[in-house]
Amino acid sequence: MAETQTLHDAFLEELKDAYDAEKQLTKALPKLAKASTSPELRQAFEDHLEETNGHVEKLEQVFQGLDEKPKGQRCDGIAGIIDEGKKVMDEDFDDATMDACLIAAGQRAEHYEIAAYGTLVAWAKTMGHHDAADLLQEILDEEKAADEKLNVIAESGVNDEAASGMSEQDEEEHATPTRRSAAAAVRRMPRRRK
Ligand code: ZN
Ligand code: FE
């Protein structure tokens, strides 16, 4: 039987997973940018694409620092999130609604990455891999900033525009109290605490 695996092995597995996730995102982000109507949103996705290319390189440095070859391992989690984003892009939404949905898709990916890198940083620190921890923390900070930027864009009008673009008929149809408060809740998307 194979030897029992350690936290270091789990750490390497998670690193491979993150490496694959970043590579998947370098292909998905240009599609999100292309589907965006708001120039601000498109720019945000393009900026994050550049950062994501940097994340691939930083992960390669992490692998090398651990004397490991950079290697990916299919990340099903991010694949599922990207798939859902693709489905959204196939829908026939009005421009503002599409932007709101693209923000939602982007934030799902960011939150997935924030969770993954939060774990990786904590594990790297526990095992005394300080250089790895620093690099992973840099990535984590950029993921958090990207998520926050999407929040700001949503709050700066994309959601409002999507809500006000509803036709009168839609509004009549959906003007039940629950529906109304749900729409109001979207408009007042809370700022997440850092
Ligand atoms: Zn990333
Ligand atoms: Fe990201």
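Below or above, wherever it landed, is the structure these notes cover. If you're wondering where the values come from, they're calculated on a predicted model, not measured in any experiment. (Residues numbered from 1 in each chain as written. Chains lettered and ligands numbered in written order. Predicted model: local features only at pLDDT ≥ 70, side-chain atom pairs only at ≥ 80, totals over all residues. Heavy atoms only, no water.)

With distances of 1.8 to 2.6 Å, the protein atoms coordinating the zinc ion (ligand 1) are E22 (OE), E22 (OE), H55 (ND1), E113 (OE) and E143 (OE). Of note, the donors binding the zinc ion (ligand 1) are all from one chain and are spaced E-x32-H-x57-E-x29-E. Between the zinc ion (ligand 1) and the iron ion (ligand 2), a separation of 3.4 Å is found, and both are coordinated by E113. Here E113 is found in helix α4 (residues 95-126), whereas its partner E143 is found in helix α5 (residues 130-164), with 30 residues between them in sequence. (Donors = N, O, S within 2.8 Å, 3.2 Å for Na, K, Ca; no water. Helix = DSSP H or I, 4+ residues; strand = E, 2+ residues; numbered from the N terminus.)

All right, on to the pattern of salt bridges then. Taken as a whole and assessed by the stated rule, the structure comprises three salt bridges. In this structure, E138 and K58 form a salt bridge, with 3.1 Å as the shortest nitrogen-oxygen distance. A residue pair is termed long-range when its members are at least 10 positions apart, and E138 in helix α5 and K58 in helix α2 (residues 39-65) qualify at 80 residues. The exposure class assigned to E138 is partly exposed, which follows from its relative accessible area of 39%. (Salt bridge = Lys/Arg side-chain N within 4 Å of Asp/Glu carboxyl O. Buried < 20%, exposed > 50% of the residue type's maximum accessible area, 1.4 Å probe, protein only.)

Another point: the nonpolar core. Ranked by size, the top nonpolar core spans 24 residues in total, and within it L25, L41, F45, I78, L102, I103 and I153 carry the most contacts. Residue assignment for this core shows that the elements contributing at least two residues are α1 (7-35), α2, α3 (76-90), α4 and α5. With 21 residues, the next largest nonpolar core counts A18, V62, I114 and A133 among its residues. (Core = buried A, V, L, I, M, F, W, Y, C linked by side-chain atoms within 4.5 Å.)

Now for the packing of aromatic side chains. One pass over the structure, following the stated rule, counts one aromatic pair. For the pair Y19 and F63, a centre-to-centre distance of 5.6 Å together with 75 degrees between the ring planes defines the contact as edge-to-face. Taken as a pair, Y19 in helix α1 and F63 in helix α2 lie far apart in primary sequence, 44 residues in all. The residues Y19 and F63 share a single accessibility class, namely buried. (Phe/Tyr/Trp six-rings, centres within 6.5 Å; stacked < 30°, edge-to-face > 60°.)

Relative to the assigned elements, D20 resides in helix α1. The side chain of D20 sits in the buried core without any salt bridge; R74 is the nearest counter-charge, 5.6 Å away. Of the polar contacts made by the side chain of D20, one reaches the backbone nitrogen of C75; its length is 2.7 Å. Discounting chain neighbours no more than four positions away, the residues touching D20 are G72, Q73, R74 and C75. (Lys, Arg positive; Asp, Glu negative; His and termini not counted. Polar contact = N/O pair within 3.5 Å; in protein donor to acceptor, adjacent residues only side chain to side chain. Contact = heavy atoms within 4.5 Å.)

In a perfect tetrahedron of four donors around a metal, the angles come out at 109.5 degrees. In a perfect octahedron of six, they are 90 or 180 degrees. Donor atoms from the polypeptide that coordinate the iron ion (ligand 2) comprise H48 (NE2), E110 (OE), E113 (OE) and E143 (OE), at 1.9 to 2.4 Å from the metal. Taken together, the four donor atoms coordinating the iron ion (ligand 2) span angles of 74 to 173 degrees at the metal, a pattern that classifies the geometry as irregular. Sequence spacing among the residues donating to the iron ion (ligand 2) works out to H-x61-E-x2-E-x29-E. By relative accessible area, which is 2% here, E113 ends up buried. For E143, a relative accessible area of 0% gives the class buried. (Tetrahedral: all angles 85-135°; square planar, octahedral: opposite > 155°, others 65-115°.)

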